[in-house]
Amino acid sequence: MSTAQAVQHLAQATERLFPYENWVPRLSKLAKQYRDNKPCPHILLEDFLASETALAMAEEFPDPTSDAWTQYKHANENKLGLAKREFYPPTIGAVTDELNSPEFVAWISELTGIPNLMSDSMLEGGGLHQSGPGGYLNVHTDFSMHHFHANWRRRVNLIIYLNPGWQEEWGGSLELWERKMARCAAKYPPLLNHALIFTTDERSLHGFPDPLTCPEGHSRKSLALYYYTVENDKKVAGHSTDYFARPQDGWGKSLMIWLDKKAVDLYSRAKARFGFSDEFASKVLGFLSRKRGD
(Lines give C-alpha, C1' and ligand atoms only; values in the text may rest on other atoms or scores of the structure.)
Protein backbone atom coordinates (compact mmCIF):
# COMPACT_ATOMS: atom_id res chain seq x y z
CA MET A 1 0.00 0.00 0.00
CA SER A 2 1.42 3.42 -1.00
CA THR A 3 1.62 6.34 1.43
CA ALA A 4 -1.25 8.08 -0.34
CA GLN A 5 -3.45 4.97 -0.09
CA ALA A 6 -2.60 4.58 3.58
CA VAL A 7 -3.52 8.20 4.25
CA GLN A 8 -6.85 7.78 2.45
CA HIS A 9 -7.64 4.56 4.34
CA LEU A 10 -6.93 6.11 7.73
CA ALA A 11 -8.75 9.34 6.95
CA GLN A 12 -11.89 7.49 5.85
CA ALA A 13 -12.05 5.63 9.17
CA THR A 14 -13.59 8.68 10.86
CA GLU A 15 -15.03 11.99 9.77
CA ARG A 16 -12.12 14.42 9.34
CA LEU A 17 -11.96 18.21 9.09
CA PHE A 18 -9.48 18.02 6.23
CA PRO A 19 -11.23 16.80 3.05
CA TYR A 20 -8.87 13.96 2.16
CA GLU A 21 -11.35 12.68 -0.39
CA ASN A 22 -10.79 15.87 -2.43
CA TRP A 23 -7.01 16.04 -2.20
CA VAL A 24 -5.63 12.48 -2.02
CA PRO A 25 -6.68 11.49 -5.59
CA ARG A 26 -4.87 14.57 -6.93
CA LEU A 27 -1.76 14.14 -4.83
CA SER A 28 0.58 12.96 -7.58
CA LYS A 29 -0.29 15.86 -9.88
CA LEU A 30 -0.11 18.38 -7.06
CA ALA A 31 3.29 17.05 -5.95
CA LYS A 32 4.68 17.70 -9.44
CA GLN A 33 3.27 21.24 -9.45
CA TYR A 34 4.79 21.79 -6.02
CA ARG A 35 8.25 20.69 -7.17
CA ASP A 36 8.12 22.71 -10.41
CA ASN A 37 6.86 26.03 -9.05
CA LYS A 38 9.32 28.91 -8.78
CA PRO A 39 11.11 30.61 -7.06
CA CYS A 40 10.91 27.87 -4.42
CA PRO A 41 8.88 24.64 -4.20
CA HIS A 42 5.36 25.76 -3.30
CA ILE A 43 1.69 25.48 -4.18
CA LEU A 44 -1.49 27.47 -3.61
CA LEU A 45 -4.56 25.35 -2.88
CA GLU A 46 -7.93 27.08 -3.15
CA ASP A 47 -10.94 25.69 -1.24
CA PHE A 48 -8.46 23.92 1.02
CA LEU A 49 -11.09 23.06 3.66
CA ALA A 50 -14.84 22.65 3.40
CA SER A 51 -16.27 26.14 2.89
CA GLU A 52 -18.38 25.95 6.06
CA THR A 53 -15.30 24.98 8.09
CA ALA A 54 -13.22 27.90 6.79
CA LEU A 55 -16.07 30.36 7.34
CA ALA A 56 -16.58 29.11 10.91
CA MET A 57 -12.87 29.62 11.58
CA ALA A 58 -13.05 33.17 10.25
CA GLU A 59 -16.11 33.95 12.36
CA GLU A 60 -14.47 32.50 15.48
CA PHE A 61 -11.14 34.27 14.99
CA PRO A 62 -10.11 35.93 18.28
CA ASP A 63 -10.44 39.68 18.56
CA PRO A 64 -7.10 41.54 18.40
CA THR A 65 -7.82 43.23 21.75
CA SER A 66 -7.52 39.90 23.60
CA ASP A 67 -4.66 39.72 26.11
CA ALA A 68 -3.79 36.26 24.74
CA TRP A 69 -2.05 37.76 21.70
CA THR A 70 1.71 38.25 21.54
CA GLN A 71 2.83 41.51 19.96
CA TYR A 72 5.55 41.40 17.33
CA LYS A 73 6.31 45.04 16.60
CA HIS A 74 9.76 46.09 15.46
CA ALA A 75 11.46 47.36 12.32
CA ASN A 76 10.88 44.15 10.37
CA GLU A 77 7.32 43.29 11.34
CA ASN A 78 4.12 44.59 12.85
CA LYS A 79 1.71 41.79 13.66
CA LEU A 80 0.09 39.74 16.43
CA GLY A 81 0.63 36.04 17.11
CA LEU A 82 -1.18 33.45 19.22
CA ALA A 83 0.50 30.07 19.57
CA LYS A 84 -1.32 28.87 22.71
CA ARG A 85 -3.61 26.06 21.53
CA GLU A 86 -5.67 26.25 24.75
CA PHE A 87 -6.98 29.70 23.75
CA TYR A 88 -8.26 28.58 20.34
CA PRO A 89 -12.02 28.59 19.64
CA PRO A 90 -13.58 25.15 18.89
CA THR A 91 -13.33 24.97 15.10
CA ILE A 92 -9.90 26.59 14.89
CA GLY A 93 -8.63 24.25 17.61
CA ALA A 94 -10.05 21.17 15.91
CA VAL A 95 -8.58 22.12 12.52
CA THR A 96 -5.19 22.82 14.14
CA ASP A 97 -5.26 19.35 15.70
CA GLU A 98 -6.21 17.80 12.36
CA LEU A 99 -3.35 19.50 10.55
CA ASN A 100 -0.94 18.24 13.22
CA SER A 101 -2.31 14.67 13.00
CA PRO A 102 -0.23 11.73 11.68
CA GLU A 103 -2.62 11.32 8.74
CA PHE A 104 -2.25 14.91 7.57
CA VAL A 105 1.50 14.94 8.15
CA ALA A 106 1.75 11.85 5.92
CA TRP A 107 -0.28 13.69 3.25
CA ILE A 108 1.89 16.81 3.32
CA SER A 109 5.05 14.69 3.32
CA GLU A 110 3.83 13.04 0.11
CA LEU A 111 2.93 16.42 -1.39
CA THR A 112 6.30 18.01 -0.67
CA GLY A 113 8.45 14.95 -1.26
CA ILE A 114 10.09 15.39 2.16
CA PRO A 115 10.03 12.11 4.13
CA ASN A 116 9.62 11.75 7.88
CA LEU A 117 8.01 15.11 8.54
CA MET A 118 6.82 15.87 12.07
CA SER A 119 4.26 18.34 13.36
CA ASP A 120 4.89 20.77 16.21
CA SER A 121 2.28 20.73 18.97
CA MET A 122 3.97 23.81 20.51
CA LEU A 123 3.17 25.82 17.35
CA GLU A 124 6.50 27.62 17.87
CA GLY A 125 6.43 30.80 15.78
CA GLY A 126 3.18 29.65 14.15
CA GLY A 127 -0.47 29.35 15.12
CA LEU A 128 -2.79 32.31 14.63
CA HIS A 129 -1.48 35.54 13.13
CA GLN A 130 -3.19 38.81 12.36
CA SER A 131 -2.18 42.29 11.23
CA GLY A 132 -4.39 45.36 11.21
CA PRO A 133 -4.06 48.63 9.29
CA GLY A 134 -0.39 49.48 8.92
CA GLY A 135 0.71 45.91 9.61
CA TYR A 136 3.52 44.36 7.58
CA LEU A 137 6.14 41.62 7.49
CA ASN A 138 9.38 42.29 5.65
CA VAL A 139 10.75 39.74 3.18
CA HIS A 140 12.67 37.02 5.01
CA THR A 141 13.71 33.42 5.24
CA ASP A 142 12.50 31.58 8.34
CA PHE A 143 14.44 30.35 11.34
CA SER A 144 15.87 26.95 10.41
CA MET A 145 15.90 25.03 13.72
CA HIS A 146 13.25 24.76 16.44
CA HIS A 147 14.07 27.02 19.39
CA PHE A 148 13.31 24.31 21.96
CA HIS A 149 14.33 21.16 20.05
CA ALA A 150 17.90 21.69 18.88
CA ASN A 151 17.82 18.86 16.30
CA TRP A 152 14.45 19.73 14.72
CA ARG A 153 14.96 21.28 11.29
CA ARG A 154 12.12 23.37 9.89
CA ARG A 155 11.15 22.11 6.44
CA VAL A 156 7.61 23.15 5.42
CA ASN A 157 5.21 26.04 6.05
CA LEU A 158 1.43 25.80 5.67
CA ILE A 159 -0.57 29.03 5.86
CA ILE A 160 -4.38 29.08 5.67
CA TYR A 161 -5.92 32.51 5.08
CA LEU A 162 -9.15 33.40 6.87
CA ASN A 163 -10.26 36.72 5.36
CA PRO A 164 -13.78 36.81 3.89
CA GLY A 165 -14.35 39.90 1.77
CA TRP A 166 -10.66 40.82 1.61
CA GLN A 167 -9.94 43.47 -1.05
CA GLU A 168 -6.67 43.04 -2.93
CA GLU A 169 -6.10 46.82 -2.94
CA TRP A 170 -5.68 46.59 0.84
CA GLY A 171 -2.38 44.78 0.24
CA GLY A 172 -1.30 41.78 2.28
CA SER A 173 -0.44 39.50 -0.65
CA LEU A 174 2.34 37.11 0.29
CA GLU A 175 5.28 37.83 -1.99
CA LEU A 176 7.79 35.14 -2.98
CA TRP A 177 11.12 36.63 -4.06
CA GLU A 178 13.96 35.23 -6.10
CA ARG A 179 17.37 34.70 -4.52
CA LYS A 180 19.47 37.83 -3.98
CA MET A 181 16.17 39.79 -4.04
CA ALA A 182 16.34 40.11 -7.82
CA ARG A 183 12.56 40.39 -8.20
CA CYS A 184 9.22 39.30 -6.78
CA ALA A 185 8.40 36.09 -8.64
CA ALA A 186 4.92 35.34 -7.26
CA LYS A 187 2.20 37.03 -5.18
CA TYR A 188 -0.78 35.43 -3.44
CA PRO A 189 -3.57 37.50 -1.83
CA PRO A 190 -4.77 36.29 1.60
CA LEU A 191 -8.23 35.17 0.47
CA LEU A 192 -10.55 33.03 2.56
CA ASN A 193 -9.82 29.30 2.47
CA HIS A 194 -6.71 29.66 0.31
CA ALA A 195 -3.74 27.67 1.62
CA LEU A 196 -0.14 28.32 0.65
CA ILE A 197 2.36 25.51 1.27
CA PHE A 198 6.08 25.98 0.66
CA THR A 199 9.43 24.44 1.47
CA THR A 200 11.36 26.35 4.13
CA ASP A 201 14.98 26.88 3.11
CA GLU A 202 17.33 29.57 1.81
CA ARG A 203 15.23 29.89 -1.37
CA SER A 204 11.94 30.70 0.36
CA LEU A 205 12.16 34.48 0.66
CA HIS A 206 8.66 35.66 1.51
CA GLY A 207 6.70 38.40 3.26
CA PHE A 208 4.13 41.19 2.85
CA PRO A 209 6.43 44.20 3.23
CA ASP A 210 4.08 47.05 2.30
CA PRO A 211 1.89 48.29 5.21
CA LEU A 212 -1.72 47.15 4.99
CA THR A 213 -4.33 49.73 3.99
CA CYS A 214 -7.40 47.81 5.17
CA PRO A 215 -10.02 49.87 7.06
CA GLU A 216 -10.15 49.98 10.83
CA GLY A 217 -11.94 46.91 12.13
CA HIS A 218 -10.39 44.66 9.49
CA SER A 219 -7.23 42.59 9.77
CA ARG A 220 -5.23 40.08 7.77
CA LYS A 221 -5.88 36.73 9.52
CA SER A 222 -4.21 33.37 9.08
CA LEU A 223 -3.39 30.04 10.68
CA ALA A 224 0.19 28.82 10.19
CA LEU A 225 1.52 25.29 10.78
CA TYR A 226 5.20 24.36 10.51
CA TYR A 227 6.63 20.89 9.93
CA TYR A 228 10.06 19.54 10.85
CA THR A 229 12.47 16.67 10.39
CA VAL A 230 14.90 15.34 12.99
CA GLU A 231 18.49 16.12 12.03
CA ASN A 232 21.18 14.23 13.92
CA ASP A 233 23.98 15.55 11.71
CA LYS A 234 25.91 18.04 13.82
CA LYS A 235 27.07 19.75 10.61
CA VAL A 236 23.58 21.22 10.09
CA ALA A 237 23.95 24.82 11.26
CA GLY A 238 20.89 26.70 12.42
CA HIS A 239 20.07 30.34 11.71
CA SER A 240 17.43 32.75 12.94
CA THR A 241 14.90 34.61 10.78
CA ASP A 242 16.85 36.50 8.13
CA TYR A 243 15.29 39.70 6.75
CA PHE A 244 16.10 41.33 3.40
CA ALA A 245 15.61 44.76 1.87
CA ARG A 246 13.96 45.05 -1.53
CA PRO A 247 15.58 46.86 -4.45
CA GLN A 248 13.10 49.73 -4.05
CA ASP A 249 13.85 50.20 -0.35
CA GLY A 250 16.07 53.19 0.31
CA TRP A 251 19.40 53.01 2.13
CA GLY A 252 17.84 54.24 5.37
CA LYS A 253 15.20 51.52 5.44
CA SER A 254 17.72 48.93 4.30
CA LEU A 255 19.99 49.86 7.19
CA MET A 256 17.12 49.55 9.69
CA ILE A 257 16.21 46.12 8.27
CA TRP A 258 19.83 44.97 8.69
CA LEU A 259 20.22 46.35 12.23
CA ASP A 260 16.90 44.89 13.33
CA LYS A 261 17.66 41.43 11.97
CA LYS A 262 20.88 41.43 13.98
CA ALA A 263 18.84 42.21 17.10
CA VAL A 264 16.37 39.44 16.20
CA ASP A 265 19.28 37.01 15.84
CA LEU A 266 20.57 37.89 19.33
CA TYR A 267 17.07 37.48 20.75
CA SER A 268 16.60 34.08 19.03
CA ARG A 269 19.91 32.81 20.41
CA ALA A 270 18.99 33.94 23.91
CA LYS A 271 15.55 32.39 23.58
CA ALA A 272 17.00 29.01 22.58
CA ARG A 273 19.61 29.13 25.35
CA PHE A 274 17.50 30.37 28.26
CA GLY A 275 14.09 29.04 27.22
CA PHE A 276 12.02 32.17 27.73
CA SER A 277 8.88 32.72 25.69
CA ASP A 278 7.88 35.40 23.19
CA GLU A 279 5.48 36.79 25.81
CA PHE A 280 8.44 38.35 27.61
CA ALA A 281 9.58 40.19 24.48
CA SER A 282 5.97 41.15 23.74
CA LYS A 283 5.58 42.77 27.15
CA VAL A 284 8.84 44.68 26.73
CA LEU A 285 7.82 45.89 23.27
CA GLY A 286 4.38 46.87 24.55
CA PHE A 287 5.90 48.81 27.43
CA LEU A 288 8.33 50.62 25.12
CA SER A 289 5.50 51.46 22.69
CA ARG A 290 3.45 52.96 25.52
CA LYS A 291 6.45 54.97 26.72
CA ARG A 292 7.00 56.40 23.25
CA GLY A 293 3.36 57.45 23.21
CA ASP A 294 3.54 59.25 26.57
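Placed above this text is the structure.
Let me begin by describing the structure that accompanies this report. (Residues numbered from 1 in each chain as written. Predicted model: local features only at pLDDT ≥ 70, side-chain atom pairs only at ≥ 80, totals over all residues. Heavy atoms only, no water.)

**Section: the packing of aromatic side chains**
- Applying the stated criterion across every chain yields a total of 11 aromatic pairs.
- Here the basic side chain of Arg154 rests over the ring of Tyr226, its NZ or CZ set 3.6 Å away from the ring centre.
- The aromatic ring of Phe208 is capped on one face by Arg220, whose charged end is 3.9 Å from the ring centroid. (Phe/Tyr/Trp six-rings, centres within 6.5 Å; stacked < 30°, edge-to-face > 60°. Lys NZ or Arg CZ within 6 Å of the ring centre and 35° of its normal.)

**Observations concerning unusual backbone geometry**
- Looking along the chain, the bond that leaves Lys38 and enters Pro39 is cis, with omega of 10°.
- Assignment of secondary structure puts Pro39 in the loop between helix H3 (27-36) and strand E1 (42-45).
- The backbone of Leu123 sits at a positive phi, close to 55°, despite the residue not being glycine.
- Looking at Leu123, the relative accessible area reads 4%, which means it is buried. (Helix = DSSP H or I, 4+ residues; strand = E, 2+ residues; numbered from the N terminus. Buried < 20%, exposed > 50% of the residue type's maximum accessible area, 1.4 Å probe, protein only.)

**Let's talk about the pairing of strand E10 (residues 205-208)**
- Of the two faces of E10, both are covered, the one formed by Leu205 and Gly207 as well as the one formed by His206 and Phe208.
- Note that strand E5 (residues 136-141) and E10 share two bridges and pair antiparallel. Its bridge partner lying in E10, His140 is registered against His206.
- Two strands pair when backbone bridges link them, and strand E7 (residues 174-177) and E10 are joined in this way by three bridges, in the antiparallel orientation. Looking across to E10, one finds that Leu176 is bridged to His206. (Pairing = 2+ DSSP bridges.)

**Quick look at a nonpolar patch on the surface**
- A surface patch of nonpolar side chains, about 600 Å² in accessible area, is lined by Trp251, Leu255, Met256, Trp258 and Leu259.
- Structurally, Met256 can be placed in helix H7 (residues 251-274). (Patch = residues over 30% accessible without salt bridge, like charges linked within 9 Å, V, L, I, M, F, W, Y side chains within 5 Å. Areas by Shrake-Rupley, 256 points an atom, 1.4 Å probe, with all protein chains shown as cover. Salt bridge = Lys/Arg side-chain N within 4 Å of Asp/Glu carboxyl O.)

**With respect to the nonpolar core**
- If you look at the biggest cluster of nonpolar residues, it comprises 40 residues, and the most contacted ones within it are Phe48, Leu99, Phe104, Trp107, Leu158, Ile197 and Tyr227.
- Per-element tally for this core: the top contributor is helix H6 (residues 102-112), with five residues.
- When sequence neighbours within four positions are dropped, the list of residues in contact with Phe104 reads Phe18, Tyr20, Phe48, Glu98, Leu99, Leu158 and Tyr227.
- Counting residues in hydrophobic clusters, the runner-up holds 14 residues, among them Ile159, Tyr188, Tyr226 and Tyr228. (Core = buried A, V, L, I, M, F, W, Y, C linked by side-chain atoms within 4.5 Å. Contact = heavy atoms within 4.5 Å.)

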